[in-house]
Amino acid sequence: MLSIKLITLLAPLTVLGAYTPQSRSSDLVVRDNGQTCTVQSGGSNSTDDSPSFRDAAKQCANGGTLVFKQGVDYYFNTPVNATLNNVNIQLNGNIHLPQNITYVQGIVNGSTGGNVWWINLTGDHLNFTGSTNLSTGWIYGHGQQWWDANPKNGSGIASRPHLWRFNVTNSYLKNIKIRKPIAWVTTLNGNNIDVQNVFVDAATTPNGGFPFNTDGFDVAAKNVKISDFAIYNGDDAVTINNGGENVTVTNGLIAGPGCHGTSIGSLGQAQGVYQTVRNIWFDNIKVHGCVYGSRIKTYLGGQGIVQNVTFSNYDVSNTTFPIYLTQNYFNQGSSQTQNGAGVQDGGNYGGRVDNSSVIIENITYKNWKGDINTYHPGDGSCVTSPCWYDVPGSDGTQAIVIGCSNSTTCKDFRFQNIQVIPQSYAQTQINCTNLDSASNPNLGLVCTNGTLITK
Ligand SMILES: *[C@@H]1O[C@H](CO)[C@@H](O)[C@H](O)[C@H]1NC(C)=O
Ligand SMILES: *[C@@H]1O[C@H](CO)[C@@H](O)[C@H](O)[C@H]1NC(C)=O
Ligand SMILES: *[C@@H]1O[C@H](CO)[C@@H](O)[C@H](O)[C@H]1NC(C)=O
Ligand SMILES: *[C@@H]1O[C@H](CO)[C@@H](O)[C@H](O)[C@H]1NC(C)=O
Ligand SMILES: *[C@@H]1O[C@H](CO)[C@@H](O)[C@H](O)[C@H]1NC(C)=O
Ligand SMILES: *[C@@H]1O[C@H](CO)[C@@H](O)[C@H](O)[C@H]1NC(C)=O
Ligand SMILES: *[C@@H]1O[C@H](CO)[C@@H](O)[C@H](O)[C@H]1NC(C)=O
Ligand SMILES: *[C@@H]1O[C@H](CO)[C@@H](O)[C@H](O)[C@H]1NC(C)=O
Ligand SMILES: *[C@@H]1O[C@H](CO)[C@@H](O)[C@H](O)[C@H]1NC(C)=O
Ligand SMILES: *[C@@H]1O[C@H](CO)[C@@H](O)[C@H](O)[C@H]1NC(C)=O
Ligand SMILES: *[C@@H]1O[C@H](CO)[C@@H](O)[C@H](O)[C@H]1NC(C)=O
Ligand SMILES: *[C@@H]1O[C@H](CO)[C@@H](O)[C@H](O)[C@H]1NC(C)=O
């Protein structure tokens, strides 16, 4: 417990401290018409500040700087859309989402498709810069009450909004600080995006509800760099989704309770839709107390390809499944894909047909060290039986669990220098299905259900 608290306290300072005032002021150089548009605030949550933001965004839509005043609280009582080109957004104050759950649910239910990104930004050369001052420049989701309102055996209450989306090109996001998001935090679409210095605190209070679906980054963009981040959450810290290409994710600290580490997917849920993820590099990642360190997840009967992914220099501690892959993904709470239950049902895959797979190839795991959560595996996200993350036969000694559909669906995997050991100091095991030697000539280990033997 002590170590988690210490990390919690130190992480934002370390991560944000890497940023110098000098580099921040240079970001403020406006290479446009020089206009500054200041977002006005009504001063309390009884005034909706979203219209002021929309006004400022309209005035400074093409060249300009949008400023949230230092230390001021802004209440975004309604969602905002803005298209901004050649614009800097400077968040020196705090943005709050509304605290009334039924009111927010009403907005989500009233939206077309039921998917709302509370802040939806589009544009070219759009920079977002938060404050380096830790006492201001936050986005407050007020999510704790949503997590606490989740009923027993529920996997998150209905009609939750996503926090924000950037669908941008040639853009920078820096010094982002988010506290208690309701659920999904940052969606990235677009091309050529550089993200630096991020702190997401979606850790629940002691005895609080599980922070379901608090994904840190959902990346479906191309040519993206995400670096220097600390994410405490209850789902994937960073996941690369369909369309993600040329993404590097470096220098991260991921912790829970409830975190699910760094991921690819899920892919292949929509059968008949070909999905791709290419050229992804996760490097220098610390994972503490998560269910997974790295995870690749695809659905049975999906189509597409995951190609050229490297997970290097991982330092994992107290992690249930450090290296994990499934081509038979089980999404808790979704009736379409309850194949876990289906397996026990004598091969009835809950309506899914095992006639195709997302092919996974050229995957490298390199330089991993740390320990496996032997004694208290899993987290508080388990509300089905068997549990969604249950691996039959696992006993807290498996550093690697790879479950491929058949001998041709996982190709050119390579493992190098994997030194992850059980907390019991028993021999490290591997659970490995269909990682065929003909398809994987340079595997670097022996694929057996037993003791991990490297070659
Ligand atoms: C955002 O834009 C979309 C598409 O134009 C629209 O459907 C939606 O209502 C807008 N949302 C807001 C809050 O303006
Ligand atoms: C955004 O930031 C980058 C890097 O700091 C800078 O080169 C670019 O000019 C900025 N864009 C705008 C619109 O100011
Ligand atoms: C406004 O703020 C008060 C005090 O923090 C809070 O109790 C109330 O729920 C908030 N209302 C909305 C709509 O966010
Ligand atoms: C919360 O929002 C609902 C729906 O808009 C409203 O009926 C209710 O009065 C609000 N509650 C508070 C405490 O403001
Ligand atoms: C986000 O904004 C863009 C551009 O205004 C719009 O096309 C899109 O539909 C919006 N998305 C949502 C979910 O509001
Ligand atoms: C992002 O913006 C581009 C260009 O405006 C558009 O074609 C694309 O559909 C948008 N993506 C999403 C997910 O909204
Ligand atoms: C991704 O990177 C590769 C190798 O540098 C390059 O050939 C490809 O064009 C890039 N993809 C995109 C969408 O920019
Ligand atoms: C594979 O991905 C790496 C980044 O991890 C990139 O440097 C390399 O160019 C990619 N290879 C190809 C053939 O695109
Ligand atoms: C395969 O992975 C290696 C190591 O990441 C990379 O250098 C190479 O470019 C990849 N090849 C292809 C075809 O993606
Ligand atoms: C590992 O995490 C579990 C929660 O999953 C916790 O109960 C246990 O105390 C942790 N062990 C260590 C050694 O940190
Ligand atoms: C293995 O999976 C691939 C891709 O789904 C499929 O084309 C092939 O028929 C399968 N092979 C066997 C032996 O099941
Ligand atoms: C290995 O993992 C698979 C899931 O990928 C599971 O079904 C199987 O029971 C496990 N085997 C052992 C021996 O742990």
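Above this text sits the structure in question.
Keep in mind that this is a model prediction, so the values were computed, not measured.

Colleague: How would you explain the overall build of the protein if you had to name every residue and give the values?
Modeller: Check the secondary structure of the protein and you find 6 helices and 25 strands. By the burial criterion, 48% of the 455 residues in the protein qualify as buried. A separation of at least 24 residues holds for 73% of the contacts in the protein among residues at least 6 apart in sequence.

Colleague: If you had to explain the nonpolar core to someone new, which residues and values would you point to?
Modeller: V219 and I254 are the most contacted members of the largest nonpolar core, which has 111 residues in total. No other element matches strand β10 (residues 162–179), which puts 7 residues into this core. Here I254 is in contact with I231, A237, C259, G261, I285, K286, V287 and C290, once residues within four sequence places are set aside.

Colleague: Describe the pairing of strand β20 (residues 321–326), listing the residues and the values that go with them.
Modeller: Here β20 lies mainly inside the structure; 6 of its 6 residues are buried. As judged from the 4 bridges shared by β20 and strand β22 (residues 398–403), these two strands associate in the parallel manner. If you follow L325 over to β22, its bridge partner there is I402.

Colleague: Report on unusual backbone geometry, specifying residues and quantitative values.
Modeller: Of note, the amide linkage connecting G256 to P257 takes the cis form, showing an omega dihedral of 10 degrees. Note on placement: P257 falls in the loop between β15 (245–255) and β16 (262–267). Put simply, G265 and S266 share a cis peptide bond, and its omega is 15 degrees. In this structure, S266 sits in strand β16. Even without a glycine there, the phi angle at N318 is positive, about 50 degrees. By the secondary structure assignment, N318 is in strand β19 (residues 303–319). N318 gets classed as buried once you count the C-beta atoms within 10 Å, which come to 21. Although it is not a glycine, N434 adopts a positive phi angle of roughly 65 degrees.

Cut-offs applied
Residues numbered from 1 in each chain as written. Chains lettered and ligands numbered in written order. Predicted model: local features only at pLDDT ≥ 70, side-chain atom pairs only at ≥ 80, totals over all residues. Helix = DSSP H or I, 4+ residues; strand = E, 2+ residues; numbered from the N terminus. Buried ≥ 20, exposed ≤ 12 C-beta atoms within 10 Å, placed from the backbone. Contact = placed C-beta atoms within 7 Å. Core = buried A, V, L, I, M, F, W, Y, C linked by C-beta atoms within 7 Å. Pairing = 2+ DSSP bridges.

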